[in-house]
Amino acid sequence: MGPHSRRESLAGSSSSFLSRSWDSFESEPLDLDYPFEKINGVDKDDLRETAYEVFFTACRSSPGFGGRNALNYYSAQDSTSGAGEGGGGSPTAAGGGGGGAKYGLSLAASRTKRVLGLKAAKRSSPKRAVSFSNPPVSGNNIPPAGSLRPKRPLTSAELMRHQMRVSEQSDGRLRKTLMRALVGQAGRRADLLILPLELLRHLKPSEFTDTHEYHIWQKRQLKILEAGLLLYPAIPLDRSNSCVFRLREIIRYSESKPIDTNKNSETMQALYTCVLKLAFRTHKPKCPPSPNGDTLDPCHWADGFPFNLHLYLALLQSIFDTRDDETTVLDEVDELLELMKKTWTMLGMTKPIHNVCFTWLLFQQFVITGQVELDLLSASLTMLADVANDAKRGDREFNYVRILSAVLASMQGWAEKKMVDYHDNFDKGVGLMENVLPLALWAAKILEEEGSNGGVVLHDGDCSVVDSAGNRVDNYIRSSLRNAFAKQILEGEKYHKRSKEEMEEEYMSEALLLLAKETDELAMRERENFSPVLKRWHPTAAGVAAATLHNCYGVVLKQYLTSASTLTNHLIQVLQTAGKLERVLVQIVVEDAVDCEDGGKAIVREMLPYEVDSVILSLMKTWVDERLKRGKECLNRAKETETWNPRSKAEPYAQSAVDIMKLAKDTVDDFYEVPVGICDDLVQDLADGLETLLQEYISFVAACGSKQSYIPILPPLTRCNQDSRFKKLWKKASPCKIGADNSSRKDLTQDHDPRPSTSRGTQRLYIRLNTLHYILLHLHSLDKSISLSPRPTPSPRSRLPNSRRRLTTTSYFDLARSSIQTATQHVSEVAAFRLIFLDSRSVFYDCLYSDGVSESRIRPAVRILKQNLTLLTAILTDRSQALAIKEIMKASFEAFLMVLLAGGGSRTFSRSDHEMVVEDFGSLKRVFCTCGEGLVAEDVVDRESEVVEGVVALMGQGTDQLLEDFTIVACEASGLGLAGAGQKVPMPPTTGRWNRSDPNTILRVLCHRNDDTANRFLKRTFQLATRR
């Protein structure tokens, strides 16, 4: 059994239908803009009833509406007899059944539904197998006996009445009016009837339930006349036309009470005259209408724009099955559409306008019924093909262009709203998208052509109207993905609902990681679901999507990096994840653009690279700079607070060195714990920065003055005259003082338990030495940590030519080691000269040989020196002792020479003192040879003592030999050559570099020689003063 038709299904149904409201646009918040102007003063129900009246009138000669026979009207009482009744008890015309059979169509015979791909109407339910002619009267809903009637198909008139929800009473009054108006004029054209006027003339208040019902009905008819003749006339009104004012007066008067419609009534006569004159106006003068209303042109009361569109759309709305929530088109749609053509003359409709309206109706119905019936959308898309063909015609009317532009703009606007956010709108499947996308593109194309042909194009600001389909799809892809990406961000913010500070400090990294994962999933979902559909209109749809997502995530990543000031593991993880995402998106672009001429290079150029490696390198450099800055701050604190006291007996070095080296070690350890590939240049930069920091600290440790500040100023050269008359008188004048001095010296020489003379300042210098060796020791460990770490990757960039590179060495801190050696040497010298010339001055330089060689030997000084060396070895670390003792040996030898050569006026030597001096110097040498366990080798002592021994040897020479040697050496040094007879010997300069071959050294030996020959030579040759 084939599908039931709508006629059969409605034959036994009640006259009340459950259907959607005709005011869907006003009652529901839709994204669809209604393209037509609203009719003022007339609601949807009024338009629907008027549309039915126009339809019935235009089809009155068709089977089912009265056929070729005269119209017969059946009263309500007659209709209850059941003869020829419709399923709802509606009156029927004679022969109606036959007409219905003729026009009854099944789904297979519906050409319209077949062409548009519309689905068949649902089968009628078993409950509709019978119908009731009267409502049930028993409480158990059992119909009275004899009330059951077999089903029969509805006629076209009955079907339309049911579909348009017109009551039997209204239908009966319409039939009665037509029967009365066309008495004797059966052949009169329908487009010459002014239907509202005829209804007002032939229907009296007695034919309504009460006066109120009649008044409402009368106002409706007048409002229809006002809309068709005054508000939306087909032919523009002449403002000076008196009929316009008179008709408005009558309509205003009818608002308060019904007007008298008797044919002899003045108001009715005026109404009749004004309506005829206004309805039969033409652009050119015509003959006035004849008394029976015939004219060559149709009357214009329902063909004004957009009034006619609303009436026609109300008719077209009837093709939807009211039982199926108006989502299914009736199987009888072919018959109904054919009948609706009969209204085109009255409504001023044409085939192109019908196509536009029918396209809009299908599309509108799809939207307002919840977008569940894709066949409606597909049907509207099919109709667009006919609309496109009509739009290309050259004989288009102005109103048609207005209708076309308005409808297409509305459809395109709705479709574009869906497409610019298709991820949200089509998340349940792409079936709807496959129809919405071509709808948007086709509508845009027709509008574009319409605009190029001089038509009216809406949405002035929408520059995309003139874009190609590819560009438009490109815009859809980018817009939808931006919206989807923004939605992901909003959902992430809701998930991580924290304060702004917390979001920045604790949750931003987690949010970026989650966003990268969701972006990856979004790209995969786009490529698998949406890109195959979009690729039909865009050759690189997936590539554009990937590029859009890449740029979106890049913006967020850039903002995140702007707020990230320090390098953390979370930041590294975010960057690494961003790099992986970038590689995935670039791969999608490359794969999607295989068939493109440029291989996708244009799209790739749009993708601003994240430059993850460069960002990580830059952040690592910033991290290194920050750590070095901390080191600089630590160094500055050390310069302000360091006192060079040992941390403890077990740790005899400065606290600042511990802090500096700990910071350096932590920096290196943290550097290699960063989970990124580290290039060799970055390692070298870190090592260079640490080395610079350490060198500055080493310089700070070595900033302890110079040894020259402790060396006594050389006294002026004088002749030795120890027993001069003045000195003898001076000794006699101060016997007490001399006795006191001798007593103190005697106590010093006889002290069997002398104490070290090392001052606190010298001990602090020892702490500096320990600090330098502590740095050197940990520098080896630091260098090892860097060298034995995972091998860094080669740098992608080349360093500057003047940058230091580890080419042949295996150490990163050669300069620092060299600086430590230099600083250690310097501090050892300063400490040694301070110990000898400052701390031990009273027992060494000031005391030794001051009262003659035999009276002030070196033994006391040696004993003090041994105590000082014992203290030194107790303070200094093992690695620091050798150099320090060696420098003390040098300083001691220097002090011994200065006693012999620059001891001042208190010291004189004779040739006989030579043996004692040699013995004393040997004692001094033995101190260093026996100090510690070979801290200073004997050969080193012998080598350093050669100069002193040479000078001591001069003291053992005779005066004549000294004078001869001096003369020869002084002349050779001055460039005079060999001295001749009477030639003056020049004064040799003081160089401070004592040596037995140095003329100044020999001269000083002569100055300290207690000998008359030397005294006379010095007086005669250099006029040196005698000692006082």
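Position numbers for residues count from 1 along each chain, tracking the sequence in the order it is written. Only residues with pLDDT of at least 70 get local features here, since the model is predicted, and only at 80 or more are side-chain atom pairs given and counted; chain-wide, interface and lining totals rely on the full set of residues. Working from all heavy atoms in the structure, the side-chain values ignore hydrogens and water.

### Quick notes on the overall build of the protein
How we decide: The helix count covers DSSP runs of H or I at least four residues long, the strand count covers runs of E at least two residues long, and both are numbered beginning at the N terminus. Using a 1.4 Å probe on the protein chains alone, a residue whose accessible area is under 20% of its type maximum counts as buried, one over 50% counts as exposed, and one in between counts as partly exposed. Residues are treated as being in contact if the distance between any of their heavy atoms lies within 4.5 Å. Per-residue and other accessible areas were derived by the Shrake-Rupley procedure at a 1.4 Å probe size, with only the shown protein chains allowed to occlude residues.
A count of helices and strands for the protein gives 39 helices and 2 strands. Here the protein holds 1028 residues, and the buried ones make up 50% of them. For the protein, contacts bridging at least 24 residues in sequence account for 79% of all contacts bridging at least 6. Of the accessible surface of the protein, which amounts to about 48600 Å², a share of 51% is contributed by carbon and sulfur atoms.

### A word on the packing of aromatic side chains
To keep it simple, the criterion reads: Side-chain rings of Phe, Tyr and Trp, where Trp is taken by its six-membered ring, are said to pair if the distance between their centres is within 6.5 Å; with planes under 30 degrees apart they count as stacked, over 60 as edge-to-face, and otherwise as tilted. The rule for a charge over a ring is simple: NZ of Lys or CZ of Arg within 6 Å of the ring centre, and within 35 degrees of the ring normal.
For the structure shown, the criterion picks out 26 aromatic pairs. Judged by centre distance (5.6 Å) and plane angle (85°), the rings of Y34 and F36 are edge-to-face. Summarising the aromatic geometry, the rings of F208 and W217 are spaced 5.0 Å apart at their centres and angled 45° between planes, so their arrangement reads as tilted. When its relative accessible area of 7% is taken as the criterion, F208 is described as buried. The ring of Y845 has R907 lying over it, and the distance from NZ or CZ to the ring centre is 5.6 Å.

### Here's the deal with the environment of S699
Its place among the elements puts S699 in helix α28 (residues 680–702). Separated by 124 residues in the primary sequence, S699 and A823 have C-alpha atoms spaced 7.2 Å apart.

### Some thoughts on the pattern of salt bridges
Test applied: Just to be clear on terms, a salt bridge is a Lys or Arg side-chain nitrogen sitting within 4 Å of an Asp or Glu carboxyl oxygen.
Throughout the structure, instances matching the rule amount to 36 salt bridges. Notably, a salt bridge pairs K113 with D331, separated by 2.9 Å at the nearest N-O pair. Remark: D331 occurs in the loop between α13 (307–316) and α14 (333–340) and K113 occurs in helix α6 (residues 111–116); sequence separation between them is 218 residues. According to the relative accessible area criterion, D331 is buried, its value standing at 0%. Among the ionic pairs, E591 bridges to R527, the shortest N-O distance being 3.2 Å. One end of the pair, E591, is in helix α24 (residues 569–592); the other, R527, is in helix α22 (residues 500–534), and 64 residues separate them in sequence. For E591, a relative accessible area of 43% gives the class partly exposed. Connected via shared salt-bridge partners are E49, E53 and R220.

### Side note on the nonpolar core
Selection criterion: In these notes, a set of buried Ala, Val, Leu, Ile, Met, Phe, Trp, Tyr and Cys residues joined through side-chain atoms within 4.5 Å is what counts as a nonpolar core.
Ranked by internal contacts, the top residues of the largest apolar core, which has 286 residues, are Y697, F896 and F928. For F896, the contacting residues outside a window of four places in its chain are F844, L848, Y849, I858, V917, D920, F921, L924, V948 and V952.

### Section: the side chain of D920
Mapping D920 onto the fold places it in helix α35 (residues 914–929). Among residues more than four places away in sequence, those in contact with D920 are Y849, R857, I858 and F896.

### Examining empty space enclosed by the protein
Just so we agree on the cut-off: Only protein atoms enter the 1 Å grid used here. Points where a 1.4 Å probe fits but cannot escape make up a cavity, open sets with protein on both sides within 12 Å along at least five of seven lines make up a pocket, and a residue lines them when an atom lies within 4 Å of a point. Grid points are joined across faces, edges and corners, and a volume is the space filled by probe spheres set on the points. Classes in brief: Ala, Val, Leu, Ile, Met, Phe, Trp, Tyr, Cys and Pro nonpolar; Asp, Glu, Lys and Arg charged; the others, Gly included, polar.
Applying the stated rule across the entire model yields 9 cavities of 30 Å³ or more. The space that makes up the second largest cavity amounts to roughly 60 Å³. Every residue lining the second largest cavity is listed: L900, L901, F909, S910, V951, M955, V1005, H1008 and R1009. Secondary-structure elements contributing two or more residues to the lining of the second largest cavity are α34 (878–901) and α36 (938–955). Of the residues assigned to the lining of the second largest cavity, the class counts are 6 nonpolar, 2 polar and 1 charged.

### Brief notes about unusual backbone geometry
A cis amide bond, omega 0°, links F305 with the succeeding residue P306. The topology assignment puts P306 in the loop between α12 (266–279) and α13. Despite not being glycine, Q1023 has its phi angle at roughly 50°, a positive value. Here Q1023 lies in the segment after α39 (1012–1022).

### Description of the confidence of the model for the protein
Filter applied, for reference: The predictor rates its confidence in each residue with pLDDT, a number between 0 and 100.
For the protein, mean pLDDT is 81; residues scoring 70 or higher make up 79% of the total. Under a pLDDT of 50 for its full length, residues 454–467 has, in the predicted model, 24 contacts with residues more than four places off or in other chains. Every residue in residues 797–808 is under pLDDT 50, and counting partners more than four places away or in other chains gives 21 contacts.

### Remarks on the environment of S854
Looking at the secondary structure, you find S854 in the loop between α32 (814–839) and α33 (859–875). What makes S854 exposed here is its relative accessible area of 51%. Distance from S854 to D913, taken between C-alpha atoms, is 7.8 Å for residues 59 residues apart in sequence.

### Re the side chain of R60
What counts, and what does not: We call two N or O atoms a polar contact when they sit within 3.5 Å, provided that within protein one can donate a hydrogen and the other can accept it, with sequence-adjacent residues counted only if both atoms are side-chain atoms.
By secondary structure assignment, the location of R60 is in the loop between α3 (44–58) and α4 (76–79). Under the relative-accessibility criterion, R60 is labelled buried at 11%. One polar contact links the side chain of R60 to the main-chain carbonyl oxygen of T57, over a distance of 3.3 Å.

### Points about the packing of helix α31 (residues 760–787) against α33
We count it as follows: For helices, the fitted line uses only the C-alpha atoms of the stretch in contact; every axis is such a line through C-alpha atoms, and the angle between N-to-C directions lies from 0 to 180 degrees. In what follows, roughly perpendicular refers to angles from 65 to 115 degrees, roughly parallel to angles under 35, roughly antiparallel to angles over 145, and oblique to any angle outside these ranges. Less than a right angle of anticlockwise turn of the near helix away from the far helix marks a crossing as left-handed, whereas a clockwise turn marks it as right-handed.
Orientation of α31 relative to α33, taken along the N-to-C sense of each, is 40°, at an axis distance of 10 Å. The angle between α31 and α33 falls in the class oblique. Every pair of crossing elements has a handedness; the one defined by α31 and α33 is right-handed. From α31, Q763, Y766, I767 and N770 reach across to α33, where they touch L871, L872 and I875. The residue makeup of the contact of α31 with α33, split by class, is 5 nonpolar, 2 polar and no charged.

### What to know about the packing of helix α27 (residues 655–673) against α31
Packed helix pairs are characterised by how far apart their axes lie and by the angle those axes make with each other. As a packed pair, α27 and α31 sit with axes 10 Å apart at the nearest point and diverge in direction by 5°. If you check the angle between α27 and α31, you find them roughly parallel. Where α27 abuts α31, its residues A657, V658, M661, A664, K665, V668 and Y672 lie against T771, Y774, I775, H778, L779, L782, S785 and I786. Split into classes, the residues belonging to the contact of α27 with α31 amount to 11 nonpolar, 3 polar and 1 charged.

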